[in-house]
Amino acid sequence: MPGDFCIPATMATPVQRLLEAIGYPEKASDGALSFDLLVDGGTVHARADAGRILLSRALSREPADLPRLAALAPGRMLREEAVLAAEPGPGGGAFLWQDAPDTADALALQRLFETFCDSCDWWLERVGEFSEPEPEIPPMMIRP
């Protein structure tokens, strides 16, 4: 009918275009609006919703890590577009997310993915530091 709008079956979803732009070895199914990518031993979740393509990755499920990560967030907001967030409710973990318009071209999608993965690396290093034992401070000695 005149005025009807149909998306051609050959038109790729934003998630499919992201996978193609970064040269990901697996393909998403036709019409896929979400996909889990295995990256550096973890999972980056890609999802298209409300005109945006959103990438997210879990950082930690330890409740004690969230306040420590939150203390780092203000400085990172000036350096990167990725955002630290927490899942609602008790036991909710910390995760990182970043988005872009779902109309972004292949170069913009590639840049989104690369900058997001760089941010994930930085945040995951901080989480790794939390699990290391704190250095012991030797007691101060005053000698006559």
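Residues numbered from 1 in each chain as written. Predicted model: local features only at pLDDT ≥ 70, side-chain atom pairs only at ≥ 80, totals over all residues. Heavy atoms only, no water.

## Overview of helix H2 (residues 65-77)
Alright, step 1. With 13 residues, H2 should cover 18 Å at 1.5 Å per step; its first-to-last C-alpha distance of 18 Å lies within 8% of that length.
Alright, step 2. Within H2, the axis deviates most sharply at alanine 71, by approximately 30 degrees, and proline proline 74 lies no more than four positions further along.
Alright, step 3. Among all positions of H2, only Asp65, Leu69, Ala73 and Arg76 are buried.
Alright, step 4. Close packing links the buried residues of H2 with strand E3 (52-60), strand E4 (83-86), strand E5 (94-101) and helix H3 (106-131). (Helix = DSSP H or I, 4+ residues; strand = E, 2+ residues; numbered from the N terminus. Expected span 1.5 Å × (residues − 1). Bend = angle between axes of the 7 residues up to and from the residue. Buried < 20%, exposed > 50% of the residue type's maximum accessible area, 1.4 Å probe, protein only. Contact = heavy atoms within 4.5 Å.)

## Re helix H1 (residues 14-22)
Alright, step 1. Buried within H1 are the following residues: Pro14, Val15, Gln16, Leu18, Leu19 and Ala21.
Alright, step 2. Lining the buried residues of H1 we find strand E1 (34-39), strand E2 (42-49), E3 and H3.
Alright, step 3. A positive backbone phi angle near 70 degrees is found at glycine 23, which sits one or two residues after H1.

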